[in-house]
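Inside the fold
So you can see what is in the structure, the chains are spelled out below.
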Amino acid sequence: MLNAPVSHYLFTAAQSRDIDEQTINEIGIEGFTLMEIAGYSASQQILNIYPELSHGIYLCGKGNNAGDALVIARYLIQHDINASIVFLSGMDGLSPDTHKNFELLKKFDPENKISIYDSWDDFSGQASFDFIIDGMLGTGLDSNLRGDYQKAVQWANQQSVPVFSIDIPTGLHADLGEIMGKVIKADHTFTFGGRKQGFYLQDGPLHTGQVTYCELPFPNELKTSCNTFLIDESWVSEHQSSLGVHKYDTGVLYIIAGSEGLTGAAVMAAKSAWAEGLGAVFLVCPRGLLSVYEHNLPSIIKKPVGEQSDTCFSEAHLPDVRQIVGEKQGAVLLGPGLGRKEETVRFVIDFLSQNNRKTVIDADALWALAQSQKWKEFEEKQWILTPHPGELARLLEQDVKKDYQRLNLVRNFSAEHNVTTLSKGMPGIVSTKNGDSYLTNYDTRYFARAGSGDVLAGKISAYLALDYSPEYSCAQALLNGKKKLFTYLDTNRDLPEPTDFI
Ligand SMILES: NC(=O)C1=CN([C@@H]2O[C@H](COP(=O)(O)OP(=O)(O)OC[C@H]3O[C@@H](n4cnc5c(N)ncnc54)[C@H](O)[C@@H]3O)[C@@H](O)[C@H]2O)[C@H](O)CC1
Ligand SMILES: [K+]
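By the naming in an unreviewed UniProt entry, the protein is Bifunctional NAD(P)H-hydrate repair enzyme, taken from Fodinibius salicampi. Entered under Subunit (unreviewed entry) in the UniProt record, the comment concerning the protein runs "Homotetramer."

In this section: the overall build of the protein. For the protein, the helix and strand inventory stands at 15 helices and 19 strands. Once the C-alpha set of the protein is aligned to its principal axes, its extents read approximately 90 × 45 × 45 Å. Buried residues in the protein amount to 50% of all 502 residues.

A few words on the site of ligand 1. If you check the shell around ligand 1, you find 27 residues, and the closest are Gly-63, Asn-64, Asn-65, Gly-138 and Gly-140. Only helix H1 (13–27), helix H2 (31–49) and helix H3 (64–77) provide two or more residues apiece to the shell around ligand 1. Tallying contributions element by element places H2 first for the shell around ligand 1, with 4 residues.

On to the sheet that holds strand S18 (residues 429–431). Taken in spatial order, the 10 strands line up as S10-S19-S18-S17-S16-S15-S14-S11-S12-S13 in an open sheet, and their pairing is mixed. Both edges of this open sheet fall to strand S10 (228–231) and strand S13 (301–305), since each of them pairs with a single strand only. Direction aside, the axes of adjacent strands within the sheet are offset by 20° on average.

Below, the discussion takes up the environment of Leu-172. Take Leu-172: it is sitting in the loop between strand S6 (163–166) and strand S7 (188–192). The spatial distance from the C-alpha of Leu-172 to the C-alpha of Asn-64 is 17 Å, given a sequence separation of 108 residues. Setting aside residues up to four positions removed in sequence, Leu-172 forms contacts with Gly-177, Ile-179, Val-183, Gly-198, Asp-203, Gly-204 and His-207.

In the numbering used here, UniProt assigns the feature "binding site: K(+)" (unreviewed entry) to Asn-65, Asp-134 and Thr-170. For this annotated set, covering 106 residues, all C-alpha atoms fall within 9.7 Å of each other, a compact arrangement in space. Mapping Asn-65 onto the fold places it in helix H3. Position of Asp-134 among the secondary structure elements: in strand S5 (residues 131–135).

For the protein, the domain assignment lists domain 1 (6–229) and domain 2 (247–501). If you average the C-alpha positions of domain 1 and of domain 2, the two centres end up 43 Å apart. The interface of domain 1 with domain 2 comprises 10 residues on the first partner and 11 residues on the second. Broken down by class, the residue content of the side of domain 1 that touches domain 2 amounts to 5 nonpolar, 4 polar and 1 charged.

Across the sheet, which stays open at both edges, the 7 strands sit in the order S4-S3-S2-S5-S6-S7-S9 with parallel pairing between neighbours. The two strands at the open ends of the sheet, each matched to only one other strand, are strand S4 (114–117) and strand S9 (210–214). Within this sheet the neighbouring strands show an average axis-to-axis angle of 20°, counted without direction. Across 3 bridges, the pairing between S5 and S6 is parallel. By the bridge assignment, Asp-134 is partnered in S6 with Ser-165.

A word on the UniProt feature "binding site: AMP" (unreviewed entry) in the protein. Per the UniProt entry, the sites bearing "binding site: AMP" (unreviewed entry) are Gly-453 in this numbering. Counting through the fold element by element, Gly-453 comes out in helix H14 (residues 452–465). Other than its neighbours up to four places away in sequence, Gly-453 contacts Asp-362, Ala-363, His-388, Phe-447 and Ala-448.

Turning next to helix H10 (residues 342–353). Taking 1.5 Å as the rise per residue, H10 with 12 residues should run 16 Å; its terminal C-alpha atoms sit 17 Å apart, in good agreement. Those residues of H10 not exposed but buried are Thr-344, Val-345, Phe-347, Val-348, Phe-351 and Leu-352. An end-on view of H10 places all buried positions within 160° of arc, on one side of the element. Residues of H10 that are buried make contact with helix H9 (318–326), strand S14 (331–334) and helix H11 (363–371).

Where burial is concerned, most of H11 is hidden: 7 out of the 9 residues are buried. For H11, every residue scored as buried is listed here: Ala-363, Asp-364, Ala-365, Leu-366, Trp-367, Ala-368 and Leu-369.

Following both chains from N to C, one finds H14 and helix H15 (residues 470–491) inclined at 140°, their axes separated by 8 Å at the closest point. Compared by their axis directions, H14 and H15 come out oblique. Considering only the axes of H14 and H15, their crossing is right-handed. Along the contact surface, H14 presents Leu-456, Lys-459, Ile-460, Tyr-463 and Leu-464, while H15 presents Pro-470, Tyr-472, Ser-473, Cys-474, Gln-476, Ala-477, Asn-480 and Gly-481. By residue class, the composition of the contact of H14 with H15 is 8 nonpolar, 4 polar and 1 charged.

Cut-offs applied
Residues numbered from 1 in each chain as written. Chains lettered and ligands numbered in written order. Predicted model: local features only at pLDDT ≥ 70, side-chain atom pairs only at ≥ 80, totals over all residues. UniProt positions renumbered as here; feature names shortened; annotations may be inferred. Helix = DSSP H or I, 4+ residues; strand = E, 2+ residues; numbered from the N terminus. Buried ≥ 20, exposed ≤ 12 C-beta atoms within 10 Å, placed from the backbone. Near = placed C-beta within 6 Å. Pairing = 2+ DSSP bridges. Axes fitted to C-alpha atoms, helices over the stretch in contact; angles between N-to-C directions. Contact = placed C-beta atoms within 7 Å. Domains from an automatic or database assignment. Nonpolar A, V, L, I, M, F, W, Y, C, P; charged D, E, K, R; others polar. Expected span 1.5 Å × (residues − 1). Arc of directions from axis to C-beta. Parallel < 35°, antiparallel > 145°, perpendicular 65-115°, else oblique. Left-handed = near helix turned anticlockwise from the far one by under 90°.

Spelled out as structure tokens, the structure:
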């Protein structure tokens, strides 16, 4: 199981507002108190990251997002950091807590460290400042940015000082990650009570800068509606490979892969799985390809099926393949380089119709699934499907253009068909049978490339063979790929080869 800490829960705007409201109305912690904690914790983060600041521009709307910004200003002026406060919607309609904080702030300013502007026009690009606080809009954004908000965003994005967004970069849709007319490009986003899912979808990753989660006193019981989580290395701990007594105790994997012209895919997947320290990896292959594997895969046990003339899988191989896979407890990887011949498609579907093994279904096996609806009726499905964008579109029988749409479709698909799905893309999305989804914070489209996908499938199935849960197996394989990708990019300018991921 994967148990994300609350710091990695991803909320929609509606969920955030609900939790806010329930904490205020049912638990009895006042909104003013929440605002104080939010603003205080962001102010301390800012002082830590940039200890030398001297003058900030505070771009404020009229909602509670602006109130958070005013609390920050109050703490920072105590550190001799001046403030220019620009109210884009004027000072009259401020929300009650924001108004209260505005009054408080003025009392903290006997030395006139604060300048106040009651409209965008009133503020004429200040003399000198060294940071910008974006307190214009948070979860209250309800449409494309209006009027002066657009101008302020455009101006802020042209300044060469750090921009700190309060809760959400103004103009970013908290659920969809889409740009609402214009959006702040933040260097840091301090997000309160929970990360917002839009940070990791569509345009989100390019606009949040570094995201810092700031805790608010929301009871965890109020967060149980959350079903989207961020995968990262801070909490998905690397698996410990415990070497068993007998080699077959430490994970057995059967790989059913390869066809003439596509043996490389089988080789990559097998090497990748073997590198994770499994007890045994068996490569089931058409007999005509055996010599290729004898040459390339010395550590892997080959299990040829069929005749010397066979170079792809067909129904004729089913009895032998079933018998081989039935010999020892283990997982199955089905797909890399199988090819798309009709007899191979039939082989895949028939194999899956009577297969009770935990199985990763990748590449050409996904092609086979998309050719036939039969699999939807199969009862025993301990499957992980690993589609890249093209494969996903074929499985769903529709084009998927937006990340938010992809998140929902993959979530529903996985629940409806009782499978785990890893949808490659930016972000990678892992959805489980019970409707939970996990997003990566890095681009996994690289794994859609030939070769890299085979390596990823090898890793996922290796972890599955080591008896980890399907979602953990996917998350760990993705993080493993991320680590290797970033290590590689640290020292190289070009993109890594698939072998660099093994
Ligand atoms: N409620 C709490 O106790 C806490 C809230 N926190 C912070 O508050 C914001 C959410 O505040 P809210 O007042 O609901 O909304 P906003 O400040 O985002 O703004 C609403 C305000 O803006 C107008 N508006 C909406 N869309 C647009 C637009 N496209 N263009 C211009 N103006 C727009 C709308 O009419 C409203 O008047 C949350 O994000 C937190 O930052 C704290 O975290 C503490 C607890
Ligand atoms: K904001």
